[in-house]
Amino acid sequence: MEGEREEQGECIRSEMTSTQVDTLISNCSEEPQNFQDPEVDEQADSRVCDGEVEARQVGEDLWISDKETLPETLIATNTPEDADCLPLSPLPTVEEEDSDPLSPLPSGGQKLSYQTDPRPHFGVAWSSHSTCYPLWGSEGPCWGQRNLEAMDQTHTCPHCHLGLPADTLRWHEIIQTKMDALPDNSTWEESFGVEDSEEETKEDEGGESSSEKTGGWELLPDVCLRHVFRFLRHRDRRSADLVCHHWHKVMRCPSLWRYRLFRFSGRLSKFRQNEYDSAVAYVSSLGVYLKRLEVRVCPPRRFMLAHRLEQTISGLFSELARVNAPLQQLTLVELELDRTSWTSGLRNSLVHSLVVFLQSSSKLTAISLKGMRNCMDQGLELLSALSHSQKHYISSLNLEGFFSGAVHVYLNSNFPRVLHHMLGLTELSLSYSCLSDELLMALQHRHQGGSQNRTRDGISLQTFSLHCTLNEPHRQPVDGDSWSTLASNSPNLKVKITVNQVINTDQLARILQPEIPLTEYTMTAFYSPNEDWSAKPVLCDLLPQYSRSLQRLSLDLSNCRERLDVELLELVKVCEGLEVLGVWAFLEVSTIERLLHIRLTQRTLLNKISVRIYSVDINTEEQEDQLEQILSSHLQLPPELEFFAIIYSFE
């Protein structure tokens, strides 16, 4: 048998003329022009090289005439059952899927069955992106047809369902077929050193699919696959959609496309599509399924970047309004419109597009405009449009950094009036520069009276977050009676206060009123040893006022010239309802052991402790050894306790 094959190969090589070789090399060396992606160019180059080397070894009988026509490509139409699915790619018709697998093996132009083909080179299993002709005909490889394929076209391996280029798939199937037929006690080298045995040929002829032996992905229910696909990025989902028919059908489920995150910077790249076209194309095809949209912006430093950002964001909102996207949550953060790169024309155009979208959308329940930094007029225009169109639906509103830092919002009486009309509001986040007695009065009367509010009766403010920074106005006086009245009208109210770099005790005392139902307090204070300020009054006098309500405490202090170990431990003992504690400060290592003792004996609700001990020494080995000894003596901690401690060199 082997002698006949060698004689046939010699005859083929002898009959091949030099003219045919030159024609073959010239045809294979023609590179298609592709300006899309460098990776595609590299794949195209590799295909040309493979074709040029192997083409020298084939004869005139192995070639298919250029006049030979290929079968027409399949045109799939969506059935009524797929009306709610995504039209990502065409599907084959039933007649093509049910074609006879035992049909004769022609020289080209027909589909082959990999289960009944006894030769080492199989035809490609049918998929939504497979060709309608085999890679190997009865007379040899179909080089002429294979070079006509699109350079970015992929095919599905019938064994492991991998999407591979045509050239790679041909050799991948040979290896996979031999590996499937390996006995348990055989090695890879032994199998590839000999020809296929009769048992392997019989197994292939028997029609047993090797995909049933290689894995269980095809056996997973659609529910499990959808759960796995939810963890993939958008780019990976598009790749998974090309694997096989089953995955393609599962990927068309609308529940996989409910959330989308866009990151805009205004910069151009020659390796990917521009941000405007990418965002508009996505919303045009999948916007009807979108429920949660998050847009994160890199603040521009130049006019051209701001101009591109304005076009991209305006186009995105315009397309969302056109497709009538059922958005429920919208996040647009870090625009920083007070930068000099944003001209007045760009700001007006961007705010107008957002106003038009808010007026057309009717299902929004949560909006975050953090870090937008508007002027007073544009900010009130946005909030007015929001309050008139979404007043019965908005339940969560984040306006941290919504106004510019130089604007004294607490002096404007229109801002409390706008929030008064938001009847369904339960979560509110503001900068401290917006806080005033008028605002607290508007919030406490918001859910009382009014015929329009009777449909949502009983809804009151539940979470009120305030963010106070050094660069924003925070010295306005607020009466404690306003806080107590709000707390009495909202029995489930939880107030969260974040203070950043405010290191004046009098100002902190004005902020931390004892009537506030404070449940969470976060403080960051980096101060030099030369500054005349101490954190002890905060730990000993201000925070103990909330011993019954405080649940979460986070402190980041640079107290290198004073020790706060005793004051911190006393505060933990006083706070009865403390559940989460995070401390980053200069502390003694022995404080860790005392803190664990308090948790095990007195504070059973404290189930999350995170401590970072700052050290002025670069070499912290001695402190780390001491910490390790302390932790080794407390190996039997309660399972509900999450404890973390580390020594950190403060530089």
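### Details of the overall build of the chain
Part 1 of the argument: Summing up its helical and strand segments, the chain has 24 helices and 17 strands in all.
Part 2 of the argument: Taken across its 651 residues, the chain has 46% of its residues classed as buried.
Part 3 of the argument: When contacts within the chain are restricted to residue pairs at least 6 apart in sequence, those whose partners lie at least 24 apart make up 75%.
Part 4 of the argument: Of the roughly 34500 Å² that the chain leaves accessible, carbon and sulfur atoms contribute 49%.

### Focus: empty space enclosed by the protein
Part 1 of the argument: Scanning the entire structure with this criterion turns up 6 cavities of 30 Å³ or more.
Part 2 of the argument: Of the voids in this model, the largest cavity is the one considered here, and its volume is about 50 Å³.
Part 3 of the argument: In terms of lining residues, the largest cavity is bounded by 13 residues, among which Phe 403, Ser 404, Ser 431, Ser 433 and Glu 472 are the most central.
Part 4 of the argument: Of the residues contributing to the lining of the largest cavity, the split by class is 7 nonpolar, 5 polar and 1 charged.

### Brief notes about helix H14 (residues 303-323)
Part 1 of the argument: For H14, built from 21 residues, the straight-helix expectation of 30 Å at 1.5 Å per residue is met to within 8% by its first-to-last C-alpha distance of 30 Å.
Part 2 of the argument: Just downstream of H14 lies Asn 324, where phi reads positive at about 55°.

### A short note on the pattern of salt bridges
Part 1 of the argument: Overall, the coordinates contain 12 salt bridges when judged by the stated rule.
Part 2 of the argument: Residue Glu 400 pairs with Lys 370 through a salt bridge whose shortest N-O separation is 3.8 Å. Highlighted residues: Glu 400 in the loop between strand E9 (396-399) and helix H17 (414-420) and Lys 370 in the loop between strand E8 (366-368) and helix H16 (376-390), separated in sequence by 30 residues.
Part 3 of the argument: Exposure remark for Lys 370: the relative accessible area of 30% places this residue in the partly exposed category.
Part 4 of the argument: Of the charged contacts in the structure, one is a salt bridge between Lys 536 and Glu 567, with a shortest N-O distance of 4.0 Å. With Lys 536 in helix H21 (residues 536-542) and Glu 567 in helix H22 (residues 565-574), the pair connects residues that are 31 residues apart, well separated along the chain.
Part 5 of the argument: Residue Lys 536 is classed as partly exposed on the basis of its relative accessible area, which comes to 33%.
Part 6 of the argument: Exposure remark for Glu 567: the relative accessible area of 16% places this residue in the buried category.

### Observations regarding the nonpolar core
Part 1 of the argument: Ranked by size, the top nonpolar core spans 129 residues in total, and within it Leu 320, Leu 397, Phe 415, Leu 430, Phe 464, Trp 483 and Tyr 521 carry the most contacts.
Part 2 of the argument: Look past the residues within four positions of Tyr 521 in its chain and what remains in contact with it is Ile 497, Val 499, Leu 508, Leu 512, Val 538, Leu 543, Leu 550, Arg 552, Leu 553, Ser 554 and Leu 555.

### Some words on the packing of helix H13 (residues 275-286) against H14
Part 1 of the argument: One can describe the packing of H13 onto H14 by two numbers: an axis separation of 9 Å at closest approach and a directional angle of 10°. Between H13 and H14, the interaxial angle falls into the category roughly parallel. Of the residues in H14, those in contact with Glu 275, Tyr 276, Ala 279, Val 280, Val 283 and Ser 284 of H13 are Leu 309, Gln 311, Thr 312, Gly 315, Leu 316, Glu 319, Leu 320, Arg 322 and Val 323.
Part 2 of the argument: Looking at the contact of H13 with H14 residue by residue, the classes come out as 8 nonpolar, 4 polar and 3 charged.

### Overview of the side chain of Ser 558
Part 1 of the argument: Here Ser 558 shows up in the loop between strand E14 (552-557) and H22.
Part 2 of the argument: Polar contacts involving the side chain of Ser 558 include one to the main-chain amide nitrogen of Tyr 527, which spans 2.8 Å.

### Some details on the confidence of the model for the chain
Part 1 of the argument: Looking at the chain as a whole, the pLDDT averages 75, with 65% of positions reaching at least 70.
Part 2 of the argument: The low-confidence segment residues 5-141, where pLDDT is below 50, has 201 contacts with residues more than four positions distant or belonging to other chains.
Part 3 of the argument: Of the regions scoring below 50 in pLDDT, residues 143-151 engages in 27 contacts with residues more than four places distant in sequence or in other chains.

### A closer look at the packing of aromatic side chains
Part 1 of the argument: With the rule as written, the count across this model stands at 12 aromatic pairs.
Part 2 of the argument: Centroid distance Phe 402 to Phe 403: 4.9 Å. Interplanar angle 85°. Geometry classified as edge-to-face. Each member of the pair, Phe 402 together with Phe 403, is buried.
Part 3 of the argument: Grouping aromatic residues by their ring pairs yields a cluster made of Phe 586, Tyr 614, Tyr 648 and Phe 650.
Part 4 of the argument: Positioned over the ring face of Trp 257 is Arg 237, at 5.5 Å from the centre of the ring.
Part 5 of the argument: When the ring centre of Tyr 282 is taken as origin, the NZ or CZ atom of Arg 260, which lies over that ring, is 4.7 Å away.

### Concerning the pairing of strand E11 (residues 463-469)
Part 1 of the argument: A large share of E11 lies buried, amounting to 6 of its 7 residues.
Part 2 of the argument: Inspection of the sheet shows strand E10 (residues 427-431) paired to E11 by 5 bridges, in the parallel sense. Across the sheet, Leu 428 pairs through a bridge with Phe 464, a residue of E11.
Part 3 of the argument: Bridge analysis of E11 against strand E12 (residues 494-500) gives 7 bridges, and the strand direction is parallel. By the bridge assignment, Leu 466 is partnered in E12 with Ile 497.
Part 4 of the argument: Taking the sense of rotation as the criterion, the β-α-β connection linking E11, helix H19 (residues 480-489) and E12 turns out right-handed.

### A word on the environment of Lys 494
Part 1 of the argument: You can see Lys 494 is positioned in strand E12.
Part 2 of the argument: Assessed through its relative accessible area of 39%, Lys 494 is described here as partly exposed.
Part 3 of the argument: Discounting chain neighbours no more than four positions away, the residues touching Lys 494 are Gln 462, Thr 463, Phe 464, Pro 517 and Thr 519.

### As for the side chain of Gln 444
Part 1 of the argument: Tracing the backbone shows Gln 444 in helix H18 (residues 437-444).
Part 2 of the argument: A distance of 3.3 Å separates the side chain of Gln 444 from the backbone nitrogen of Leu 486, its partner in a polar contact.
Part 3 of the argument: Excluding its chain neighbours within four sequence positions, the residues that come into contact with Gln 444 are Ser 482, Thr 485, Leu 486 and Asn 489.

### Here's the deal with the pairing of strand E5 (residues 259-264)
Part 1 of the argument: In E5, alternate side chains face the same way, and those of Arg 260, Phe 262 and Phe 264 are buried while those of Tyr 259, Leu 261 and Arg 263 on the opposite face are not.
Part 2 of the argument: In this sheet, strand E6 (residues 292-297) lies alongside E5 in parallel orientation, the contact comprising 6 bridges. Its bridge partner being in E6, Phe 264 is matched across the sheet by Val 297.
Part 3 of the argument: Assessed by its sense of winding, the connection that carries the chain from E5 through H13 to E6 is right-handed.

Conventions and cut-offs
Residues numbered from 1 in each chain as written. Predicted model: local features only at pLDDT ≥ 70, side-chain atom pairs only at ≥ 80, totals over all residues. Heavy atoms only, no water. Helix = DSSP H or I, 4+ residues; strand = E, 2+ residues; numbered from the N terminus. Buried < 20%, exposed > 50% of the residue type's maximum accessible area, 1.4 Å probe, protein only. Contact = heavy atoms within 4.5 Å. Areas by Shrake-Rupley, 256 points an atom, 1.4 Å probe, with all protein chains shown as cover. 1 Å grid on protein atoms, 1.4 Å probe; cavity = no way out; pocket = protein on both sides within 12 Å on 5 of 7 lines; lining within 4 Å. Points joined across faces, edges and corners; volume = space filled by probe spheres on them. Nonpolar A, V, L, I, M, F, W, Y, C, P; charged D, E, K, R; others polar. Expected span 1.5 Å × (residues − 1). Salt bridge = Lys/Arg side-chain N within 4 Å of Asp/Glu carboxyl O. Core = buried A, V, L, I, M, F, W, Y, C linked by side-chain atoms within 4.5 Å. Axes fitted to C-alpha atoms, helices over the stretch in contact; angles between N-to-C directions. Parallel < 35°, antiparallel > 145°, perpendicular 65-115°, else oblique. Polar contact = N/O pair within 3.5 Å; in protein donor to acceptor, adjacent residues only side chain to side chain. pLDDT = per-residue confidence, 0-100. Phe/Tyr/Trp six-rings, centres within 6.5 Å; stacked < 30°, edge-to-face > 60°. Lys NZ or Arg CZ within 6 Å of the ring centre and 35° of its normal. Pairing = 2+ DSSP bridges. Right-handed = clockwise from strand over helix to strand, strands pointing away.

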